[in-house]
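Summary of the model geometry
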Amino acid sequence: MVRNDDWFLRRSMAAAQARMHRRQLLQGAAGAMALPLATRLAPAHAAPFSNLSNPAAVEAAQRVLQETGDSAEAAVAAAQQYSGVTLNYLSEAGLMAEGPKVFSGPKWQELTGITINVVDKPFPELFPTMVQEHIAGTGALDVLDVVPAWMADVVTQGIVEPLQPYIDKYMNPADLEDFHPVYRNLMNYAGNIYGLFDDGDTFLLYYRRDLFDNPDYQAAFEEKYSRPLAPPETWEQYDEVQSFFTEQGGGEFWGGASQRNPLQVYHWWMVEFRVKGGKFFDEETMDATLDSQAGIDTLNRMLNSNKSMPPGVEEWDFTKVFENWMEGNLAMVGGTWPPFGRFSERYGADTVQMEWLPPSQVADKVSYAPLPGGYSSLASGFMLCVSADSANKDAAYLFAQWMNSPTVSLERVMLPYTLRDPFRLSHYSSEAYRALWGNAGEYLDMLQEQTDTALLDIIMPGSQEYHTAIEQMWGAAQGGTAPEQAAADANTAFNAITDRIGRDAQRTAYQEYLKLGNVYPDASA
């Protein structure tokens, strides 16, 4: 089988080194040199009115908004006043970058005369690149893909520009109401909008409908567990269903799998931990509380679940889970990102960018369910932000507004070869999207429903370090350290991060995080 999964592989291969860079930066590497982007960056050509809003651009946008109310058309009309500018857009390497390289960048240039130069970096290098370019004061980046978990850091470090003044000048405010409310909340930090949410990374449970509907399996499961065979509602039920199908598979297929390589595993641990009643911090003291009973129970449950997953699952990353799912080796995937839904159905398999896609053995056999416990994970995602160091902030914002507008963003989330996932209410209800494969409507309905209550990553200064401490906790527990000790060590790591940043500052940041909602299942601390 010939395929090109460089996008997946680069995320894992670069992670350890990138995390080291990130830790050094967050510990105050004020003298850090910028990454060597010169060979990949186009020169920043200043617009005639430089960083000041061009009155003709504002007038053009307002005229269109009064006539049609279309924010995409308004952005084009305004941006034509900046024709000749080149913008550098920092994006994740691989499939994610194909969107601006193949679709939105060329189309924007055709419409406005503005050139988009995509600076693509493996995921683990995105945040360090933003920080280093800002510290060095290069002004080399204009548009940034920012993960919500980084928002506290990029705002407090002055890396991103507040967007409300640009929204007031160029956008139909009704467009803001089209964002899913959870995603719309994430655009705000400390009372200001700093990004346009642009990628809905809500986890779903994916399962083989043909196996669950098999009468023989249904009878055998009900005889053993005294309940009907159905998507599991708790993590304990998940393990029962997974164990059952693993036994039935007899080595030909397994009941399920989840990523167990420590990189990124914090998404899975954090959602189950919170469903079991866990809290990250004591709200008064800001002491970490990962070693609560909820934390230890989550580690033990995950370790026991490994026993009914395929051999070697301890090293499985996104790529390995995906590969086995597409080959029909799994009855379930215990939570993962939305592209699984599209790729399973061979959507876009005939495009050049998707030639690497393994032949799907599960097409027309897949259904979707909430994660066990009833709460999903909002696992990363991206927002479009404007660099505070850009020499062409209005032009950069207008490109972001155009890409993010209801009409253009629908085209982008329907592209088979990029990884942008639905995030607007109009995406979920789109008849065009619902027609892409047989049960695309079921997929969209489940994504919208699960996003309503999806639990957020940690969004505080030092979030990357906190997440890394959870990954290290899991790596230790999976490597043989007693769960109690692994959780205690993670507490120590959390407390060290909090102390370095400052407990008072982190107490305030934690309150800002809680105000976003969807932090804990009951939406309270």
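Residues numbered from 1 in each chain as written. Predicted model: local features only at pLDDT ≥ 70, side-chain atom pairs only at ≥ 80, totals over all residues. Heavy atoms only, no water.

**A short note on the overall build of the protein**
- Counting its secondary structure elements, the protein contains 24 helices and 12 strands.
- The 525 residues of the protein split such that 61% are buried.
- A separation of at least 24 residues holds for 78% of the contacts in the protein among residues at least 6 apart in sequence.
- If you sum the accessible surface of the protein, you get close to 18,400 Å²; carbon and sulfur atoms cover 50% of it. (Helix = DSSP H or I, 4+ residues; strand = E, 2+ residues; numbered from the N terminus. Buried < 20%, exposed > 50% of the residue type's maximum accessible area, 1.4 Å probe, protein only. Contact = heavy atoms within 4.5 Å. Areas by Shrake-Rupley, 256 points an atom, 1.4 Å probe, with all protein chains shown as cover.)

**Let's talk about the pairing of strand 11 (residues 382-386)**
- Counting buried residues along strand 11, 5 of its 5 residues qualify, which places the element largely inside the surrounding structure.
- Judged by which residues are buried, strand 11 turns out to be covered on both faces: F382, L384 and V386 on one side and M383 and C385 on the other are all buried.
- Taken together, the 4 bridges between strand 3 (residues 143-146) and strand 11 define a ladder with antiparallel strand orientation. Paired with V143 across the strands is V386, a residue of strand 11.
- Judged from the 3 bridges that link them, strand 6 (residues 196-199) and strand 11 form a sheet pairing that is antiparallel. The residue bridging D199 from the neighbouring strand is F382, located in strand 11. (Pairing = 2+ DSSP bridges.)

**Describing empty space enclosed by the protein**
- Applying the stated rule across the entire model yields 6 cavities of 30 Å³ or more.
- The computed volume of the second largest cavity comes to approximately 70 Å³.
- Here the lining of the second largest cavity is composed, by residue class, of 5 nonpolar, 3 polar and 2 charged. (1 Å grid on protein atoms, 1.4 Å probe; cavity = no way out; pocket = protein on both sides within 12 Å on 5 of 7 lines; lining within 4 Å. Points joined across faces, edges and corners; volume = space filled by probe spheres on them. Nonpolar A, V, L, I, M, F, W, Y, C, P; charged D, E, K, R; others polar.)

**Some details on the pattern of salt bridges**
- Considering all chains together, one arrives at 24 salt bridges under this definition.
- When the shortest N-O distance is used, the salt bridge between K393 and E161 registers 3.2 Å. Note that K393 is positioned in helix 17 (residues 393-404) and E161 in the loop between helix 7 (151-156) and helix 8 (164-170), a separation of 232 residues in sequence. Residue K393 shares its accessibility class with E161, and that shared class is buried.
- Salt-bridge contacts for R503 lead to D287; the nearest nitrogen and oxygen are separated by 2.6 Å. Taken together, the positions of R503 in helix 24 (residues 503-515) and D287 in the loop between helix 13 (266-275) and helix 14 (293-305) put the pair 216 residues apart, joining distant regions of the chain.
- Look at R503 and you get partly exposed, because its relative accessible area is 21%.
- A relative accessible area of 32% places D287 in the partly exposed class.
- Where salt bridges share partners, they join E236, D239, E272, K276 and R301 into one cluster. (Salt bridge = Lys/Arg side-chain N within 4 Å of Asp/Glu carboxyl O.)

**A few points about the sheet that holds strand 1 (residues 86-92)**
- The strand order across the open sheet built from 5 strands is 2-1-3-11-6, with neighbouring strands paired in mixed fashion. Two strands in the sheet have a free side with no partner beyond their single neighbour: strand 2 (115-121) and strand 6. Direction aside, neighbouring strands of the sheet carry axes that sit 30 degrees apart on average.
- Along the sheet, helix 6 (residues 123-136) contacts strand 1, strand 2, strand 3 and strand 11; its crossing angle with strand 1, the most-contacted strand, is approximately 135 degrees. (Axes fitted to C-alpha atoms, helices over the stretch in contact; angles between N-to-C directions.)

**Concerning the packing of helix 4 (residues 71-79) against helix 17**
- The interhelical angle for the contact between helix 4 and helix 17, taken along N-to-C directions, is 155 degrees, at an axis separation of 8 Å. Considered as vectors, helix 4 and helix 17 are oriented roughly antiparallel to each other. As for the relative orientation of helix 4 and helix 17, their crossing is left-handed in sense. Contact with helix 4, carried on its side by S71, A72, A75, V76, A78 and A79, involves L398, Q401 and W402 of helix 17 and no other residues of that element.
- The residue makeup of the contact of helix 4 with helix 17, split by class, is 7 nonpolar, 2 polar and no charged. (Parallel < 35°, antiparallel > 145°, perpendicular 65-115°, else oblique. Left-handed = near helix turned anticlockwise from the far one by under 90°.)

**Quick word on the environment of S376**
- Along the polypeptide, S376 turns up in the loop between strand 9 (366-369) and strand 10 (377-378).
- Sequence-wise, S376 and A454 are 78 residues apart; in three dimensions their C-alpha atoms are separated by 4.4 Å.
- Sequence-distant contacts of S376, that is, excluding residues within four places in its chain, are made with T202, F203, V271, L371, Q450, A454 and L455.
- Here F203 takes part through its backbone oxygen, which lies 2.5 Å from a polar atom of the side chain of S376. (Polar contact = N/O pair within 3.5 Å; in protein donor to acceptor, adjacent residues only side chain to side chain.)

**Side note on the environment of Q506**
- The residue Q506 is located in helix 24 in this model.
- The sequence separation of Q506 and P461 amounts to 45 residues, and the corresponding C-alpha distance is 7.4 Å.
- When residues no more than four places from it in sequence are discounted, the contact partners of Q506 are M286, M460, P461, Y466, T498 and I501.

**Some remarks on helix 23 (residues 483-501)**
- The end-to-end C-alpha distance of helix 23, which contains 19 residues, comes to 27 Å, matching closely the 27 Å that a straight helix rising 1.5 Å per residue would cover.
- Along helix 23, the residues classified as buried are P483, A486, A487, A490, N491, F494, N495, I497 and T498.
- G502 occupies a position one or two residues after helix 23 and carries a positive phi of about 120 degrees. (Expected span 1.5 Å × (residues − 1).)

**Comments concerning unusual backbone geometry**
- Although it is not a glycine, Q264 sits at a positive phi angle of roughly 80 degrees.
- Within the fold, Q264 resides in the loop between helix 12 (235-249) and helix 13.
- Classification of Q264 as buried rests on a relative accessible area of 16%.
- The phi dihedral of N518 is positive, around 60 degrees, even though this residue is not glycine.
- Of note, N518 is situated in the segment after helix 24.
- We classify N518 as buried; its relative accessible area is 16%.

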